[in-house]
Amino acid sequence: MGTLRQIELFNDTPLVLENGETIGPIEVGFETYGELSLANDNCILLEHALTGTAHAAKHFDEDVAGWWDDFIGAGKTIDPADYFIVCTNVFGGCSGTTGPSSVDRRTGSEYRLHFPGFTIKDIIKVQKALLDALGVKHVVSVIGGSMGGMQATQWAIDYPEITGSVINLASPLAASPEAIGYNLIMRMAILNDPDFNGGDYIGQPEGGLATARMVGMMTYRTSELFSKRFERFTVADSSPGAFSKEHFQVESYLQYQGDSFVERFDANSYLYLTKAIDLFDVTVVGADDKPLFTGIRIPYLLVGVTSDQLFRIHDLRRDYELLKDWDVPVTYYEVDSDYGHDAFLVEVEKFHPLISTFLTQHSRIESKK
């Protein structure tokens, strides 16, 4: 798919994770668009959401579509003629970067549930090491939605010296109890699948992983969108009382989403990544007796979606007030959409002017290619 590149990092010195465990070497899968400027200062780092990959956009016409094709390309919001765009598969993932399905060189077997626990902070440590290896000296902006927004926020706290700005789309400063509850339900569906086998499954625990995906889909979209798209329409071969078959179109849609997800994502990675989302909380007080987010001193764009059923708009509004009260240079917008949490992936026309204007105002590129 696309032009996935891989690089091995932490060969000589293992990565020390936030929980004190170590791991190395780490293989990182990534894709790039455009060229690094003479001053190595025109990088934009894209952060994918929970089940995304490094393939953010097509590299050529016949290429497979990426998850943000409408934003990346000639004449688009993020133009490779101006920027060196980098997108990595996250640490702990299953699409090119070391994760639970990778082989532990010490044992010769896949890590599975022996993979160390990690956090969003650990994910961006790996990304920082990648950018160092690529020679990047300045990041114009770190941009991400959902779990990607959490990564962008962590960049603003941990690496402000090389980061010009961050753009956080539909992601809070800490996951809410409701969001944590959804993640627990999804993990329990996987863990209770009889084929899970303590993480040492053969193939996939298909029923559990598909169910987890279906639960997720119900939080990514909205009740309004489901009503408009499906109403109570039935599938062509439905028959009253046939419990074993999908009767309604919405059932067929969710089943398709679950079945196709099983073919592309690893169940153990899903467990680890959803837990990393749960643990993310930059509202906690740090060593200086201030919330961690007060360390953000670079331009910060926060965009909420009014209909978001995963990360609720009232949480984003609260976060904006917190950021503003602590003098974080924050800009805040709300987008009205029937697409809910997934709006940033779907409704380009509503996000384009917000992102484009913010980048124009806060880009610092000392020299072009």
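Calculation notes
- Residues numbered from 1 in each chain as written.
- Predicted model: local features only at pLDDT ≥ 70, side-chain atom pairs only at ≥ 80, totals over all residues.
- Heavy atoms only, no water.
- Domains from an automatic or database assignment.
- Contact = heavy atoms within 4.5 Å.
- Buried area = accessible area lost by both parts, 1.4 Å probe.
- Salt bridge = Lys/Arg side-chain N within 4 Å of Asp/Glu carboxyl O.
- Polar contact = N/O pair within 3.5 Å; in protein donor to acceptor, adjacent residues only side chain to side chain.
- UniProt positions renumbered as here; feature names shortened; annotations may be inferred.
- Helix = DSSP H or I, 4+ residues; strand = E, 2+ residues; numbered from the N terminus.

## What to know about the domain arrangement of the protein chain
Right, on to step 1. Domains assigned within the protein chain are domain 1 (5-175 + 285-363) and domain 2 (180-275).
Right, on to step 2. The centre of domain 1, based on its C-alpha atoms, is set 26 Å off from the matching centre of domain 2.
Right, on to step 3. Across the boundary between the two partners, domain 1 contributes 29 residues, which contact 28 residues of domain 2.
Right, on to step 4. Counting the surface lost from both domain 1 and domain 2, the interface buries some 2,400 Å², and carbon and sulfur atoms represent 58% of this.
Right, on to step 5. Where domain 1 meets domain 2, there are 2 salt bridges.
Right, on to step 6. Seen at the junction of domain 1 and domain 2, the total is 14 residue pairs in polar contact (both at pLDDT 80 or more).

## Describing the UniProt feature "binding site: substrate" (unreviewed entry) in the protein chain
Right, on to step 1. Under the UniProt annotation, the feature "binding site: substrate" (unreviewed entry) is placed at Arg213 and Asp342. The greatest C-alpha distance among the residues just named is 14.1 Å, despite their covering 130 residues of sequence, which places them together in space.
Right, on to step 2. Its location among the elements puts Arg213 in helix 4 (residues 206-220).
Right, on to step 3. When neighbours within four sequence positions are excluded, Arg213 is seen to be in contact with Thr51, Tyr220, Gln257, Gly258, Phe261 and Arg264.
Right, on to step 4. Asp342 has contacts with Tyr220 and Arg221, leaving out every residue within four places of it along the chain.

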